[in-house]
Amino acid sequence: MDAAIPRDLDQLDSEALKALILALREQAFSHRKRLTTQQEEILSQREQLASRDAEIEHLKLLIAKLRRQQFGRSSEKREFQIEQLELRLEELEARRTKETAAVKESAPPSTAVVRPVRRPLPDHLPREVRKVLPKQEACPDCGGKLKHLGEDVSEILEYVPASLKVIQYVRPKLACGCCDRIVQGEAPRRPIERSIAGPGLLAHVLASKYCDHLPLYRQSQIFARTGVELDRSTLAEWVGGSSRLLAPLVEALRRHVMAAGKLHADDTPVPVLAPGLGKTKTGRLWTYVRDDRPAGDSTPAAVWFAYSPDRKGEHPQSHLSNFTGTLQADGYAGFDQIYEAGHIQEAACWAHVRRKFYDLEVAHKSPVASEALQRIAALYAIEKEIRGRPPDERREVRNTRSRPLLESLKQWFEETLEKLSRKSDTAMAVRYALGRWAALLRFCDDGGIEIDNNAAERALRVVALGRKNFLFAGSDGGGESAAAIYSLLGTAKLNGIDPESYLRNVLSRIADHPIKRIEELLPWNVAASLQLPNQEAA
C-alpha cells in the first residue's frame, strides 16, 4: 500500500517524519523494481521477436535457394525440405503476430510501436455498404433532434466463395400462319462443340491448372464440394479442346516472338508418362521471350513455349529456323550449331556466372567467390541505373563505365586461375566465365541486349511450380497443350493482364472470330475490353 502523505508536515514529530521518509523510500524502490522488471520482460520479449525475425529471414533465404535449385533436376528430398521449411516459416510468422500483440499490451504508453504500412484495398473490388446507425434517435443529454455531422468509414476485406451457375438458352420456335414456315433463333456457338463448359469455366480450369498449379483431380474434388460432379477425364478433355481451339492464336503469338531482333531462351525438364510402360520419360519445355522494355522499347512483351520429347539440339534449331538476331541463353551445347550458322549471335548470361560464385561463397565462404560477387554486383548497379533508357544511351554508358570493370575482372580471373587447383570448384567457375568471355561482353556492344537471361528464367518459374504438383504430363500431347496454355498465360502476365480474365474473354470470342484477324485476340489487343483492371506483371 502506498504511503499516505499528511497535508501538514509541521504537525509531525521527528520520529513520524523518519517513518514517513522510510516508507516513501521503500515505496519508490518498489516502484523502480517493478518498472525494471517490466522493462526487462519487454526487452526479453523483443529479443525473442528479433531472434524469431532473424530465423524467419534465414528460412526465407533457404527456401529461395532451394527453389532456385529446383530449376535443375530436383529430388524428392529437396521438395520435402522446402515443404518442411515453409511449415516452420508459417509457424514462426503466426507466433510472431501473436507475440507482437502481447508486447504491445505490456509496453508502457510512451513506448513507440512500429507498425507496418497497410495498403489501401483495391478500388476495383465490389463494395457492399452497411450503415451502422446509433441506437439513440434523440440526444441522450437533452433529448434534442440529431442532425448529420459527418461520418467515419472503415473497411474490411471479405471472401465470397466462388460459385457455378447454369445458363439456359431458350429458342422459341415460331410458325407462319399462312405457309407454316418455322423459324428459330440460331443456337449460340460453344467454345468446345457438344461441351457443357462455358468460356468462364474453361478459363477457370486452365488458370487453376497452369497459374495456380492445381492438378485436375484436385479441381474435380473442389467442384464436388459444390455438388457438381466433373470427372478428371472430363476436365482433361476440356484442356485438350481448349488447346486445339487456341492453336491459331498461339501460332500468331509465336510469329510475334520470332519477329524480334533479340530473344531470351531457356528450357526445363518435364516428366512425361511413357505409353504402355507405366514409367516416365523426360520431355522438355522450351521458352523464348521477347521483352525489350528494359531498353525503352514499347513493343508488347511476349513468351512462347514449345514442347519436345527430348533435349536434342534439333529442337531449338527448328524453333529458331526463321529467327535472325541475338539469342541470350545459357551454355547449352545444342545452341552451338545455331551460332555456327551465322544468322544468330550468342549473348551469354552474367547471372549464370554469378550463381556459380554465389554457391561457392555460401558453401565455403571463399574469398575469391566473395570478391567475384562484389565485382559482378558493380556491373548490375550500372544496369539498374540505365534500365528503361534507349539502346544508344545504354551502350554509351556500358562502354564508358562497365567495360573498364570487365577488363579488370578478366585480368583478375586470369591471375586468380593460375593460383587455383585445376580441379577445384572455384577454378571451374572461373573457367566457365573465361570460356564465354566474348559472349559475356556482347551486352556492351549492343544497348538492346540485357546483362543476363533472367527474363527466360522468370518465364520458367511457373513450370517448375506446376511440375511439383502435376508430377508428370500424361503424354506428349499433354506437354504440347501445356506449352500452348503457358504461352498465352505467360504473355498475359508479362503485359499486366489477369490471365483468367484474358482467357475468359478470348474463349468467348475465338470460335466466331475470323482466322485472318486472329492477332486481334493477342493479350495487348484485348486488354482494354477486359472487365478486371490490370494486375502487376510477373
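In this text the structure is predicted, and so the values were computed from the model without any measurement.

Novice: With reference to specific residues and values, describe the environment of Pro294.
Specialist: Structurally, Pro294 can be placed in the loop between β4 (280-290) and β5 (302-308). Between the alpha carbons of Pro294 and Glu450 there is a distance of 7.9 Å; along the sequence they are 156 residues apart. Excluding anything up to four places from it in sequence, Pro294 contacts Ile386, Arg387, Gly388, Arg389, Arg394 and Glu450.

Novice: Describe helix α8 (residues 350-364), naming the residues involved and giving the relevant values.
Specialist: With 15 residues, α8 ought to run about 21 Å at 1.5 Å a step, and its terminal C-alpha atoms sit 21 Å apart, in line with that. Residue Lys365 follows α8 closely and has a positive phi angle near 55 degrees.

Novice: Run through unusual backbone geometry, naming residues and quoting values.
Specialist: Positive phi outside glycine occurs at Arg194, with the angle close to 60 degrees. Position of Arg194 relative to the elements: it lies in the loop between β2 (182-184) and α3 (199-210). Residue Arg194 is classed as exposed on the basis of its relative accessible area, which comes to 81%.

Novice: Let's hear about the packing of α3 against helix α16 (residues 499-507): which residues, and what values?
Specialist: The description of two packed helices rests on the angle between their axes and on the distance between the axes. Contact pair α3 / α16: the axes reach a minimum separation of 8 Å and the direction vectors enclose 140 degrees. Between α3 and α16, the crossing angle belongs to the class labelled oblique. Of the two elements, α3 crosses α16, and the hand of that crossing is right-handed. Residues Pro199, Gly200, Leu202, Ala203, His204, Leu206 and Ala207 of α3 touch α16, and the partners they reach there are Glu500, Leu503, Arg504 and Leu507. Taken together, the residues of the contact of α3 with α16 break down into seven nonpolar, two polar and two charged.

Novice: Tell me about the packing of helix α5 (residues 232-258) against helix α15 (residues 476-494), residues and numbers included.
Specialist: For the pair α5 and α15, the least separation of the axes is 9 Å and the interaxial angle reads 55 degrees. As judged from the angle between their axes, α5 and α15 are oblique. Every pair of crossing elements has a handedness; the one defined by α5 and α15 is left-handed. For the pair α5 and α15, contact is made by Gly240, Ser243, Leu246, Leu249, Val250 and Leu253 and by Ser481, Ala484, Ile485, Ser487, Leu488 and Thr491, respectively. When grouped by side-chain class, the residues that make up the contact of α5 with α15 number seven nonpolar, five polar and no charged.

Novice: Describe in detail the pattern of salt bridges, supporting the description with residues and values.
Specialist: Overall, the coordinates contain 22 salt bridges when judged by the stated rule. A salt bridge links Arg284 to Asp267; its shortest N-O distance comes to 2.5 Å. Residue Arg284 is located in strand β4, and its partner Asp267 is located in strand β3 (residues 262-273); the two are separated by 17 residues in the primary sequence. You'll find Arg284 and Asp267 in the same group, each marked buried. When the shortest N-O distance is used, the salt bridge between Arg389 and Glu393 registers 3.2 Å. What makes Arg389 partly exposed here is its relative accessible area of 31%. By sharing partners, the salt bridges in this structure join Glu251, Arg254, Arg255 and Glu519 into a single network.

Conventions and cut-offs
Residues numbered from 1 in each chain as written. Predicted model: local features only at pLDDT ≥ 70, side-chain atom pairs only at ≥ 80, totals over all residues. Heavy atoms only, no water. Helix = DSSP H or I, 4+ residues; strand = E, 2+ residues; numbered from the N terminus. Contact = heavy atoms within 4.5 Å. Expected span 1.5 Å × (residues − 1). Buried < 20%, exposed > 50% of the residue type's maximum accessible area, 1.4 Å probe, protein only. Axes fitted to C-alpha atoms, helices over the stretch in contact; angles between N-to-C directions. Parallel < 35°, antiparallel > 145°, perpendicular 65-115°, else oblique. Left-handed = near helix turned anticlockwise from the far one by under 90°. Nonpolar A, V, L, I, M, F, W, Y, C, P; charged D, E, K, R; others polar. Salt bridge = Lys/Arg side-chain N within 4 Å of Asp/Glu carboxyl O.

None of the figures reported here should be taken as evidence of function without further support.
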